[in-house]
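Listed below are the residues making up each chain.
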Amino acid sequence: MKIWFPNFPLKLIPRALKIQDDKVHELVFKTVPNIGKFDIRRFLESVYGFEVAKVNTIVYEGKKKRDKYGFYRRPDWKKAYVTLKTPVDKPSSLK
């Protein structure tokens, strides 16, 4: 079996976690738009050992901004909602 270590950012958004009875049922991540659902699922299952039930994603377009030098755009990003088959305990660092 090959183990594939991805080269993409996968940042947890702690404010958006779905927590019930001190168990985390759904994780929310921010990543780059060219990563697929299958890549996210395989990464979480192989590296962290989570049992993933489903992955839902939505792509956000970067905001258009203006400053004194002209217009610019923030990069596009993807939000991934990962539902777990078996909930995990809530980290003590979260209140």
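Before any of the text, the structure's been laid out above.
Residues numbered from 1 in each chain as written. Predicted model: local features only at pLDDT ≥ 70, side-chain atom pairs only at ≥ 80, totals over all residues. Heavy atoms only, no water.

Peer 1: So what about the overall build of the chain? Which residues, and what values?
Peer 2: Within the chain one finds one helix and seven strands. Within the span of the chain, comprising 95 residues, buried residues form 24% of the whole. Intrachain contacts of the chain at a sequence separation of at least 6 include 54% that bridge at least 24 residues. Of the roughly 7,300 Å² that the chain leaves accessible, carbon and sulfur atoms contribute 52%. Here the chain carries 22 positive and 10 negative side-chain charges, and the mean point of each set is 7 Å from the other. (Helix = DSSP H or I, 4+ residues; strand = E, 2+ residues; numbered from the N terminus. Buried < 20%, exposed > 50% of the residue type's maximum accessible area, 1.4 Å probe, protein only. Contact = heavy atoms within 4.5 Å. Areas by Shrake-Rupley, 256 points an atom, 1.4 Å probe, with all protein chains shown as cover. Lys, Arg positive; Asp, Glu negative; His and termini not counted. Charge placed at Lys NZ, Arg CZ, Asp CG, Glu CD.)

Peer 1: How would you summarise a positive patch on the surface if you had to cite specific residues and measurements?
Peer 2: Residues Lys11, Arg15, Lys30, Lys63 and Arg74 make up a contiguous surface patch of positive charge. Locating Lys11 in the fold gives a position in strand E1 (residues 10–12). For Lys11, a relative accessible area of 58% gives the class exposed. (Patch = residues over 30% accessible without salt bridge, like charges linked within 9 Å, V, L, I, M, F, W, Y side chains within 5 Å. Salt bridge = Lys/Arg side-chain N within 4 Å of Asp/Glu carboxyl O.)

Peer 1: Outline the environment of Tyr69, supporting the account with residue identities and numerical values.
Peer 2: Among the structural elements, Tyr69 can be located in the loop between strand E5 (64–67) and strand E6 (70–73). The spacing of Tyr69 and Lys23 is 46 residues in sequence and 48 Å in space, taken between C-alpha atoms.

Peer 1: Requested: an account of the pairing of E5, with residues and values cited.
Peer 2: For E5 and E6, the ladder comprises four bridges, and the chain directions are antiparallel. Looking at the pairing, Lys65 lines up with Tyr72 of E6. What sits between the antiparallel neighbours E5 and E6 is a turn of two residues. (Pairing = 2+ DSSP bridges.)

Peer 1: Mind laying out the pattern of salt bridges, listing which residues take part and the relevant values?
Peer 2: On inspection of all chains with the given rule, the structure shows four salt bridges. In this structure, Lys64 and Glu61 form a salt bridge, with 2.2 Å as the shortest nitrogen-oxygen distance. The pair formed by Lys64 and Glu61 is uniform in burial state, with each residue classed as exposed. A salt bridge links Arg73 to Asp76, with the shortest nitrogen-to-oxygen separation between them at 2.5 Å.

Peer 1: Which residues make up helix H1 (residues 37–48), and what are the values?
Peer 2: Under the 1.5 Å per step criterion, the end-to-end length of H1 is 16 Å for twelve residues, consistent within 8% with the ideal 16 Å. Residues Ile40, Phe43 and Leu44 constitute the buried set of H1. End-on view of H1: buried residues confined to an arc of 90 degrees, all on one side of the axis. Buried residues along H1 sit in contact with E1, strand E3 (23–31), strand E4 (52–60) and strand E7 (77–89). (Expected span 1.5 Å × (residues − 1). Arc of directions from axis to C-beta.)

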